Amino acid sequence: MFNGRPLHFLLVEDDDDHADLVLSSLQDARVLNTFSRVATGMDALAYVRAEGVYATATRPDVILLDLKLPMIDGHEVLATIKADPKLCGIPVVVLTTSAAEVDVVRAYQLNANSYLCKPVDFEKFQAMISDLKLYWCVWNVPPLIAA
Amino acid sequence: MFIFSLLFNVDRSPTLVTSLASVGDGVHDVLGRTLASNEALLHVLMWIIMGLATGVAVGFVAMTRRRKMGNPEVPNDLGTAGLYKSALDEHAIFAVTDARGVIVYVNDKFCQISGYSRDEVVGKDHRLINSGHHPKSFFADLYRTIHAGKVWHGQICNRAKDGSTYWVQTTIVPQTDGQRRPSRFIAIRSDITQQKQAEHALQQATVELRSHVAARSAEVAVSEQRFQALADSVPVGICMTDTAGEFSFVNPMWCQTTGMTQAMLMGTQWQTSLHPSDSVEFLTLHKVCCQHGRDFLFHHRTVAPDGRVAWVETRFVPVRDATGTVAHFVGTLTDLTAIRNAESDLTRLNVDLGNKNREMEQFVYSVSHDLKSPLVTFVGILGRLRGDLAVGRTDRIMDSLGRLDRTSIRMRTTIDELVDLSRIGRVVGESHVVDPARLVEEFAKDHAEHLSAEMITLTVAPDMPLIRADRGRLAQLFDNLLNNAMKFGCSGARREIQVGCDMSDVSAVRYFVRDFGPGIPIKYQEKVFGLFQRLSTTVEGTGVGLSIVQRIAQVHGGRVFVQSQEGHGATFWIEFPIAIHVDCAVEQLAA
């Protein structure tokens, strides 16, 4: 729970199948939460800034961000969010297939809050998403007033 | 008079011979007048001989019998003759022998030089003082001469009592009796030992000098031979110039490197073989070094008369004379062309290798990500399918199978394209004359249905230039660009694709594929050629196509780039070096 309402996840993922897998795993867990999904970096930024079609969208409590995105990629989205004083408080969890050191280092340099690598194993994938949800929804203590 | 002449002829002095002419008339007067003169001594000698010839010597012999250490006294009746004899004693070594050669008289000088007392000598013959220096024939000749009643002149080496030798200039005058047979011999000698020694030393020195000169000449010849052999065989150019830089010597290698002959270089300066681009700098530095006698080192190019350019290192070192003044310069010329070529090859290879490494890194990075992604999908969908089947949920089975299908197709396409991409860099097909207009027409024919269904117009500019290239790869290049234009560039109101060319640059052949779609933002214009880089999530694609296009252009020595403004379409340019351009007129001419 976050400020009296269920935690809202924003999934930024261009691959529909991956998005389905993540979202179904998020739903399967017993803790209540809500989510949205966008497929491009441009949509992600529009969403967090509540621009255009996202004017009334729920502000995300945690962002799950893929790195490999067309046009504006995940690193750029991350950098933009963390550079924006109104958005930098939103925890960003990088969720990608890339285990390349260069990507990990760059993500943390851009102030990512966590870096997760998608496992090539369904059970592990599910377990990881389930733990992720528990971590942010149960154990993590967010600030009372969103930064 | 005969004897006098002989005596005086020893000195070969015309003056004396002239003086002799007057002897017969008034000897005493003449002698008296000339006593103080330089020739006095010779006149004395003349007189003595004359006296001896007329029996004065008998008195001398008698006097020797007194066995005094000093010279026998001159009888009073001799008068002036006694004085002259004293003078003779002072100057010459004097001896008288009988007809058999037995010494009957010697003066003090004889004793002094030979080291024998008069007693030891008188009664002996001259063998006593024979040094053994002369051969027997020498004395045989001497005796033959004097026994024939002739005067003998010569130089004799004698041995003193103490064993040392001495040289005497000797004149032996025979005194003949009534039958003209020699009855006595008068020998007058002067010590010439020092002169002989000096002569000997001089001879010795001359011999030594000659041998030294010969040895030095031989050394110089050997040294010169060595230098010549070295100069001819060293793989370095060698030259000598005067202080103004004018060549006075060049070796064969110098000629080989500069492509000039010795005849062309002699007497000329550097300008003749300098590359125009290096000329000013070279000559300025060279002038300074010549003026100040400094070492010169310069890397530059030379141009041979046939136009061949060589990279060389030129060195000059001043050679100074004893006073420290620069006499001339010695220079070397090292051909660096091969080294420089190797260096530039190495640099290029390094750059290539660096590029390949970066490509490989990028490739591995992209592949590891982009091939892993469908795998994640696979296991995910399979897991979901398994779960659905376990709970008897059947409504999603077809959906899951469809996803698996699509994923496997996508994966296969990606792998095919990656293999293709890697092949482009390694395998270059045979070059043919390719007409890109024809390739576009073939594409239009193959995609006629799609083009007409989507109402897309595809036009090709007339006069598209021909190039020499791998036809298959070039077809692949245009296919990719045209496919992209259809997929991404024909979503707007203007559904048109234009293919054209630009020949305004003399160094390049440029083609373009233009669409009027949404365009590509500037910041992504370079990124689109990256492996697995995609700009759209709505249109199917692997993100390999433009990488392939770029690689094909590169293996033909060219490049691709895009010009676009968001909302105003995109123009993809393919640029090839003019070298692969096929000039139709030239081709026809050749045919």
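Use the structure listed above.
Overview of the structure. Model, not experiment: these values are computed from the prediction.

Examining the pattern of salt bridges
Logical step 1: Taken as a whole and judged by the stated rule, the model has 30 salt bridges over all chains.
Logical step 2: Residue Glu219(B) pairs with Arg216(B) through a salt bridge whose shortest N-O separation is 2.5 Å. Here Arg216(B) and Glu219(B) lie together in helix α10 (residues 193-233), a separation of 3 residues that amounts to about one turn.
Logical step 3: Overall, the relative accessible area of 45% leaves Glu219(B) in the partly exposed class.
Logical step 4: Here Asp278(B) makes a salt bridge to Arg301(B), at a shortest N to O gap of 2.8 Å. Residue Asp278(B) is found in helix α13 (residues 276-292), and its partner Arg301(B) is found in strand β8 (residues 296-303); the two are separated by 23 residues along the sequence.
Logical step 5: According to the relative accessible area criterion, Asp278(B) is buried, its value standing at 9%.
Logical step 6: Connected via shared salt-bridge partners are Asp17(A), Asp20(A), Arg384(B), Asp399(B) and Arg403(B).

Quick notes on the interface of chain A and chain B
Logical step 1: Contact with chain A, which involves 29 residues of that partner, is made by 28 residues of chain B.
Logical step 2: Both sides of the chain A and chain B interface together cover about 2,200 Å² of buried area, and 56% of this is carbon and sulfur.
Logical step 3: Our count for the contact surface shared by chain A and chain B stands at 5 salt bridges.
Logical step 4: Asp17(A) is the partner of Arg403(B) in a salt bridge, and the nearest nitrogen-oxygen pair spans 2.5 Å.
Logical step 5: Scanning the region where chain A abuts chain B turns up 10 residue pairs in polar contact (both at pLDDT 80 or more).
Logical step 6: Within the residue set of the side of chain A that touches chain B, elements represented by two or more residues are α1 (16-28), α4 (101-109) and α5 (122-139) of chain A.
Logical step 7: Residue contributions to the side of chain A that touches chain B peak at 5 residues, all from α1(A).
Logical step 8: By residue class, the composition of the side of chain A that touches chain B is 13 nonpolar, 5 polar and 11 charged.

Quick look at the side chain of Lys196(B)
Residue and element names in this part refer to chain B.
Logical step 1: With respect to the secondary-structure elements, Lys196 resides in helix α10.
Logical step 2: The exposure class of Lys196 is buried, given its relative accessible area of 16%.
Logical step 3: Every residue in contact with Lys196, bar those within four places of it in the chain, is listed here: Gln155 and Trp167.

A closer look at a nonpolar patch on the surface
Logical step 1: Residues Leu134(A), Tyr135(A), Val138(A) and Trp139(A) make up a contiguous nonpolar surface patch of roughly 450 Å² in combined accessible area.
Logical step 2: With respect to the element layout, Val138(A) can be found in helix α5.

A short note on the sheet that holds strand β10 (residues 326-335) of chain B
Residues and elements named next belong to chain B.
Logical step 1: The strand order across the open sheet formed by 5 strands is β7-β6-β10-β9-β8, and the pairing between neighbours is antiparallel. Because the sheet does not close on itself, it has two edges, and the strands there are β7 (247-250) and β8. In this sheet, adjacent strand axes meet at a mean angle of 25° when their direction is disregarded.
Logical step 2: Contacts from helix α14 (residues 337-390) reach β8, β9 (309-320) and β10, with the element oriented near 130° to β9.

Observations regarding helix α6 (residues 80-91) of chain B
Residue and element names in this part refer to chain B.
Logical step 1: Between its terminal C-alpha atoms α6 stretches 17 Å, which fits the 16 Å expected from 12 residues at 1.5 Å a residue.
Logical step 2: If you check which residues of α6 are buried, you get Ala81, Gly82, Tyr84, Lys85, Leu88 and Asp89. Projected down its long axis, α6 shows its buried positions confined to an angular sector of 160°, all on one face.

Side note on the packing of helix α18 (residues 471-488) of chain B against helix α19 (residues 545-555) of chain B
Residue and element names in this part refer to chain B.
Logical step 1: Running from amino to carboxyl end, α18 crosses α19 at an angle of 145°, the nearest separation of the two axes being 9 Å. Judged by the twist between their axes, the crossing of α18 over α19 is left-handed. Of the residues in α19, those in contact with Arg473, Leu474, Gln476, Leu477, Asn480, Leu481 and Asn484 of α18 are Gly545, Leu546, Ile548, Val549, Ile552 and Ala553.
Logical step 2: In terms of residue class, the contact of α18 with α19 is built from 8 nonpolar, 4 polar and 1 charged.

Remarks on unusual backbone geometry
Note on backbone geometry: most residues besides glycine have negative phi, and most peptide bonds are trans.
All names here are of chain B.
Logical step 1: Despite not being glycine, Met455 shows a phi value in the positive range, around 55°.
Logical step 2: Topologically, Met455 is positioned in the loop between α17 (448-453) and β12 (457-460).
Logical step 3: Taking relative accessible area as the criterion, Met455 reaches 64% and is therefore assigned exposed.
Logical step 4: Positive phi values are uncommon outside glycine, yet Asp463 reaches one of about 60°.
Logical step 5: Note that Asp463 resides in the loop between β12 and β13 (466-470).
Logical step 6: Residue classification places Asp463 among the exposed residues on the basis of a relative accessible area of 72%.

Examining the nonpolar core
Logical step 1: Ranked by size, the top nonpolar core spans 75 residues in total, and within it Ile63(A), Phe478(B), Leu482(B), Ile497(B) and Ile574(B) carry the most contacts.
Logical step 2: For this core, the leading source of residues is α18(B), giving 7 residues.
Logical step 3: Among residues more than four places away in sequence, those in contact with Ile63(A) are Leu10(A), Val12(A), Val48(A), Ile81(A), Ile90(A), Pro91(A), Val92(A) and Val93(A).

Quick notes on the rules
- Residues numbered from 1 in each chain as written.
- Chains lettered and ligands numbered in written order.
- Predicted model: local features only at pLDDT ≥ 70, side-chain atom pairs only at ≥ 80, totals over all residues.
- Heavy atoms only, no water.
- Salt bridge = Lys/Arg side-chain N within 4 Å of Asp/Glu carboxyl O.
- Helix = DSSP H or I, 4+ residues; strand = E, 2+ residues; numbered from the N terminus.
- Buried < 20%, exposed > 50% of the residue type's maximum accessible area, 1.4 Å probe, protein only.
- Contact = heavy atoms within 4.5 Å.
- Buried area = accessible area lost by both parts, 1.4 Å probe.
- Polar contact = N/O pair within 3.5 Å; in protein donor to acceptor, adjacent residues only side chain to side chain.
- Nonpolar A, V, L, I, M, F, W, Y, C, P; charged D, E, K, R; others polar.
- Patch = residues over 30% accessible without salt bridge, like charges linked within 9 Å, V, L, I, M, F, W, Y side chains within 5 Å.
- Areas by Shrake-Rupley, 256 points an atom, 1.4 Å probe, with all protein chains shown as cover.
- Pairing = 2+ DSSP bridges.
- Axes fitted to C-alpha atoms, helices over the stretch in contact; angles between N-to-C directions.
- Expected span 1.5 Å × (residues − 1).
- Arc of directions from axis to C-beta.
- Left-handed = near helix turned anticlockwise from the far one by under 90°.
- Core = buried A, V, L, I, M, F, W, Y, C linked by side-chain atoms within 4.5 Å.

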